[in-house]
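Breakdown of the fold
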Amino acid sequence: MSEKPNVTFFKNGPMLVREPCKLFDGDTQTEIVPKKFPVYLCRCGSSKNKPFCDGAHNASGFDGTCAPGADG
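Focus: the sheet that holds strand 1 (residues 7–9)
- In spatial order, the strands read 1-2-5; together these 3 strands make up an open sheet with antiparallel pairing. Looking along the sheet, the strands with just one partner apiece sit at the ends: strand 1 and strand 5 (39–41). Shown here is a sheet whose adjacent strand axes are inclined to one another by a mean of 25°, direction ignored.
- Bridge analysis of strand 2 (residues 15–17) against strand 5 gives 3 bridges, and the strand direction is antiparallel. Bridge pairing links Leu16 to Tyr40 in strand 5.

This is how it looks when you write it as C-alpha cells:
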C-alpha cells in the first residue's frame with residue numbers, strides 16, 4: 001500500500017483515487033474496502049452508490065469549482 005496515495009479532483013466531477021489506500025466513512029469511521037482500484041469517489045452528494053461516483057453529478061448540475069479543502 002502506498003504511503004502517499006495519488007488523488008485527482010475533476011472539475012464539476014468526482015475524485016479519482018488511483019492506488020490502494022484506506023478509505024473511511026466520515027460519519028461512522030467504518031472502513032470502506034473497494035473491490036479494486038482505481039475508484040471514483042462522489043463529491044456532489046447525488047450518487048446512488050455512495051461513496052462511489054455513478055455519474056449523477058452530470059444531471060445534478062454539481063459545481064465543483066471551489067478548490068478542494070477551501071472554505072465555501
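What to know about the packing of aromatic side chains
- Applying the stated rule across the entire model yields 1 aromatic pair.
- A ring pair is formed by Phe10 and Tyr40, whose centres lie 6.3 Å apart and whose planes are at 35°; its orientation type is tilted. Taken together, the positions of Phe10 in the loop between strand 1 and strand 2 and Tyr40 in strand 5 put the pair 30 residues apart, joining distant regions of the chain.
- For Tyr40, a relative accessible area of 40% puts it in the partly exposed group.

Here's the deal with empty space enclosed by the protein
- Within this structure, the stated rule accounts for 1 cavity of 30 Å³ or more.
- Quantified by volume, the largest cavity comes out at close to 30 Å³.
- If you go around the largest cavity, the residues you meet are Gly13, Pro14, Cys42, Arg43, Cys44, Cys53, His57 and Phe62.
- Counted by class, the lining of the largest cavity contains 5 nonpolar, 2 polar and 1 charged residues.

Conventions we followed
- Residues numbered from 1 in each chain as written.
- Predicted model: local features only at pLDDT ≥ 70, side-chain atom pairs only at ≥ 80, totals over all residues.
- Heavy atoms only, no water.
- Pairing = 2+ DSSP bridges.
- Helix = DSSP H or I, 4+ residues; strand = E, 2+ residues; numbered from the N terminus.
- Axes fitted to C-alpha atoms, helices over the stretch in contact; angles between N-to-C directions.
- Phe/Tyr/Trp six-rings, centres within 6.5 Å; stacked < 30°, edge-to-face > 60°.
- Buried < 20%, exposed > 50% of the residue type's maximum accessible area, 1.4 Å probe, protein only.
- 1 Å grid on protein atoms, 1.4 Å probe; cavity = no way out; pocket = protein on both sides within 12 Å on 5 of 7 lines; lining within 4 Å.
- Points joined across faces, edges and corners; volume = space filled by probe spheres on them.
- Nonpolar A, V, L, I, M, F, W, Y, C, P; charged D, E, K, R; others polar.

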